[in-house]
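# A look at the structure
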Amino acid sequence: MIRFAVLISGRGSNMTSLADAIEDYSIAAKITVVISNKCCAGINLAKDRGLPTRVIQRKNFDTQAAHEAAIAAAIHSHRCEYVFLAGYMAILSGDFVNQFAGQIINIHPSLLPAFKGLNTHQRAIDEKAATHGVSVHMVTATLDEGPMIAQASLPLMASDTANSLAARVLQLEHQIYPFVLFGLAKKNLSLSPEGARWHTPSSILADAPAPMRDSLARCLIWPASASKE
Ligand code: GAR
């Protein structure tokens, strides 16, 4: 049973997709705590479904180090093996990241290394990118970098606005983050400070629950061999 924390700052739809997938597909995983750095809709969603929650606000601490120490203490006290960032909109320090080396993962709404940071959908439109998408990657001390775990892409359409594109990417997000959790739970995916390793990427997609498999089969571009078989 994988025990993990989810860190959020806002709407909480990715946290919800993880919690739903655990229930719907009987994934051997448990969200042991949802931590937010502000009062937000996502924390209410987590409470509503009975998940332990903590709101740990930066303004209540003198320094970023003290704030992060409180977050780390909450993660440790809930005995989490992994930390899933799911719309956690604060930059974590190198000290924080390094103490959880190989254990923190993030979902980002672009095909990294393209469009790190914010406003990814508008920037993809402005730059007339042919494709856009979502990346799940290991978190290192450098923003939106770190070894890739999974990526899914979609084509931009001439009619796309930032909102329409965000909505289509979000649908992919809600499949790919549970897919990564499924991989960890099935021990097909190993994370370590050295990086991410899928052991049999083709079979994990074949074995995945149908909605995940069907939506990712055509657009998963990493792990590369998963989409070819
Ligand atoms: C998601 O689109 C996620 O990829 C993005 O914030 C949104 C959170 O939505 N994360 C980042 O931009 C991190 N750099 P949610 O609160 O509904 O999951």
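As a starting point, this report considers the structure included with it. (Residues numbered from 1 in each chain as written. Predicted model: local features only at pLDDT ≥ 70, side-chain atom pairs only at ≥ 80, totals over all residues. Heavy atoms only, no water.)

## Some words on the pattern of salt bridges
Applying the stated criterion to the full structure yields five salt bridges. A salt bridge links K116 to E145; its shortest N-O distance comes to 2.7 Å. Here K116, found in the loop between strand 5 (104-108) and helix 5 (120-126), pairs with E145, found in the loop between strand 6 (131-138) and strand 7 (148-155); they are 29 residues apart in sequence, far enough to count as distant. The class of E145 is partly exposed, set by a relative accessible area of 35%. One salt-bridge network, held together by shared partners, links D20, E23 and R49. (Salt bridge = Lys/Arg side-chain N within 4 Å of Asp/Glu carboxyl O. Helix = DSSP H or I, 4+ residues; strand = E, 2+ residues; numbered from the N terminus. Buried < 20%, exposed > 50% of the residue type's maximum accessible area, 1.4 Å probe, protein only.)

## What to know about the packing of helix 6 (residues 162-185) against helix 8 (residues 210-217)
Packing of helix 6 against helix 8 leaves a shortest axis separation of 10 Å and a crossing angle of 120°. Every pair of crossing elements has a handedness; the one defined by helix 6 and helix 8 is left-handed. Contact residues: L172, Q175, I176, P178, F179 and F182 in helix 6; P211, M212, S215 and L216 in helix 8. Along the lines of polarity and charge, the residues of the contact of helix 6 with helix 8 split into eight nonpolar, two polar and no charged. (Axes fitted to C-alpha atoms, helices over the stretch in contact; angles between N-to-C directions. Left-handed = near helix turned anticlockwise from the far one by under 90°. Contact = heavy atoms within 4.5 Å. Nonpolar A, V, L, I, M, F, W, Y, C, P; charged D, E, K, R; others polar.)

## Section: the site of the ligand
Taken together, R11, G12, S13, N14, G87, M89, I107, H108, P109 and E173 make up the full set of residues adjacent to the ligand. In the environment of the ligand, an oxygen atom lies 2.6 Å from a nitrogen or oxygen atom belonging to the side chain of R11. Take E173: an N or O atom from its side chain is 2.8 Å from an oxygen atom of the ligand. Taking 440 Å² as the accessible area of the ligand by itself, protein coverage stands at 88%. Of all elements in the fold, only helix 1 (13-24) and strand 5 reach the threshold of two or more residues within the shell around the ligand. (Near = heavy atom within 4 Å. Polar contact = N/O pair within 3.5 Å; in protein donor to acceptor, adjacent residues only side chain to side chain. Areas by Shrake-Rupley, 256 points an atom, 1.4 Å probe, with all protein chains shown as cover.)

## Digging into the pairing of strand 9 (residues 195-198)
Bridge analysis of strand 8 (residues 189-192) against strand 9 gives four bridges, and the strand direction is antiparallel. Looking at the pairing, L189 lines up with W198 of strand 9. Connecting strand 8 to the antiparallel partner strand 9 that follows it, the hairpin turn spans two residues. (Pairing = 2+ DSSP bridges.)

## Looking at the nonpolar core
The biggest cluster of nonpolar side chains holds 53 residues, and the ones touching the most others in it are F4, V6, F84 and I176. If one sorts the elements of this core by residue count, helix 6 sits on top with ten residues. Residues contacting V6, with those up to four places away along its chain left out, are M15, L18, I31, V33, V34, I35, F84 and A86. Counting residues in hydrophobic clusters, the runner-up holds 20 residues, among them V33, V83, F100 and V139. (Core = buried A, V, L, I, M, F, W, Y, C linked by side-chain atoms within 4.5 Å.)

## A few points about helix 3 (residues 64-77)
Helical geometry: 3.6 residues make up each α-helical turn, so side chains three or four residues apart lie on a common side. With 14 residues, helix 3 extends 20 Å from end C-alpha to end C-alpha; this agrees with the ideal 20 Å at 1.5 Å per step. Along helix 3, the residues classified as buried are H67, E68, A70, I71, A72, A74 and I75. Against strand 1 (2-8), strand 2 (29-36), strand 3 (53-55), strand 4 (82-85) and helix 4 (94-99) lie the buried residues of helix 3. A positive phi of about 50° marks R79, the residue just after helix 3. (Expected span 1.5 Å × (residues − 1).)

## A few points about the side chain of E173
Positionally, E173 belongs in helix 6. In terms of polar contacts, E173 uses its side chain to reach the side chain of N14, at 2.9 Å.

## Structural notes on the environment of Q171
Here Q171 shows up in helix 6. Since its relative accessible area comes to 57%, Q171 is described here as exposed.

## Topic: the packing of aromatic side chains
All told, the structure shown has four aromatic pairs when counted by the stated rule. Measuring from ring centre to ring centre gives 4.6 Å for F4 and F84, while their planes differ by 45°; the resulting arrangement is tilted. Within this pair, whereas F4 is found in strand 1, its partner F84 is found in strand 4, the two being separated by 80 residues in sequence. For F84, a relative accessible area of 0% corresponds to the buried category. With a centroid separation of 5.0 Å and 45° between ring planes, the pair formed by F84 and Y177 is classed as tilted. With F84 in strand 4 and Y177 in helix 6, this pair connects stretches of sequence that are 93 residues apart. With respect to class, F84 is no different from Y177; both count as buried. (Phe/Tyr/Trp six-rings, centres within 6.5 Å; stacked < 30°, edge-to-face > 60°.)

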